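Each chain, letter by letter, is given below.
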Amino acid sequence: MADITAAMVKDLREKSGAGMMDCKKALNETAGDMEAAMDWLRTKGLAAAAKKSSRTAAEGLVGVAVSGTKGAAVEVNSETDFVAKNDQFQQFVREVTQVALDGAGDVDAIKAATLPNGKTAEETLTGNIATIGENQSIRRVKRLEVSQGAVVAYVHNKAAPGMGKIGVLVALESAAPADALQALGNQLAMHIAAAFPKALNEDDLDETEIERERAIATEKASESGKPADIIAKMVEGGIAKFRKEHALVSQLFVMDGKTKISDVVAKAGKDAGAEIKLVDYVRFQLGEGIEKEESDFAAEVAAASGVPQPVA
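What counts, and at which threshold
- Residues numbered from 1 in each chain as written.
- Predicted model: local features only at pLDDT ≥ 70, side-chain atom pairs only at ≥ 80, totals over all residues.
- Heavy atoms only, no water.
- Helix = DSSP H or I, 4+ residues; strand = E, 2+ residues; numbered from the N terminus.
- Buried < 20%, exposed > 50% of the residue type's maximum accessible area, 1.4 Å probe, protein only.
- Contact = heavy atoms within 4.5 Å.
- Expected span 1.5 Å × (residues − 1).
- Arc of directions from axis to C-beta.

J.: Explain the overall build of the protein chain here, please?
T.: Along the backbone of the protein chain there are eleven helices and six strands. Burial statistics for the protein chain: of 312 residues in total, 40% are counted as buried. For the protein chain, contacts bridging at least 24 residues in sequence account for 65% of all contacts bridging at least 6.

Next up, the structure:
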């Protein structure tokens, strides 16, 4: 039997709206599987039909803001794209992005910060959920700062100034003129939005993902029937190609399709008369990595009522 903790019971109770003992029983019946426990509660008619906090929020806006040598990006989610056009929601995104720019480096710090209305961001968010009628959440935040140079922002699919579907920040360390850094930063940010690099440098790529690619490349190469030493070279060649294509500095610039990003930066520094270092970047795409649930409201209601459904 799985070890059912109080935290697990609390989590299920918040998501389902069911009673504590029912939640504990559901977790015991499903060996601690949270999703299965939710289903168990629904089949018993014990889960709330419309618990806002359990609904998937994969829409919303990404907000970006910069001030000289610092910048911040924040993703705030809602359930539908319609809410992203709501003035109240946009104002909240604008204010929490400013909070991040002022120094809040994680979601908890943003939630605890006081907004211009005198309430914390968390309190304001709770109020927005009640008045707008959709689940909303502050999903992630990242700040960039350089000691000298500039942080440049770019928004793709802009919904309002400083917010849209994709938000990008580029951090450039340099003594080069501000206009040169702004021009380069804009070009790099548009490239990042389009090319979706996974890391700044090849060494920064996720090794778990590299090993997954290696396994795929090995399986493909093995089907060729070539000798083991040739297969090994094919695999390493494939991994080298993967690294180059997914690390920002080694990607080919989307503007010309032939120049490496590292060379683009080097040339810009030479033209500006001062070395420019691309030290970091942020690319937040709205809803990235969130698994959207396909809901069948009629089926949920029937399941909650305990009425057997015909098998398709």
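J.: Before we go on, may I ask you to explain helix α7 (residues 178-195) in this structure?
T.: Each α-helix winds once per 3.6 residues, and so residues spaced three or four apart point in a common direction. With 18 residues, α7 extends 25 Å between its outermost C-alpha atoms, agreeing within 8% with the 26 Å of an ideal straight helix rising 1.5 Å per residue. Every buried residue belonging to α7 is among L181, L184, G185, L188, A189, H191, I192 and A193, and all of these are buried. Looking at the buried residues of α7, the elements they touch are β4 (149-160), β5 (163-174), α10 (261-272) and β6 (276-285).

J.: Help me understand helix α1 (residues 6-16) in this model?
T.: Within the sequence span of α1, burial applies to V9, L12 and S16. Summarising the axial view, the buried residues of α1 lie within an arc of 70 degrees, below the 170-degree limit, and thus occupy one face. Facing away from the buried side of α1 by more than 90 degrees, the exposed set consists of A6, A7 and K10. Immediately downstream of α1, the backbone of G17 shows phi near 80 degrees, a positive value.

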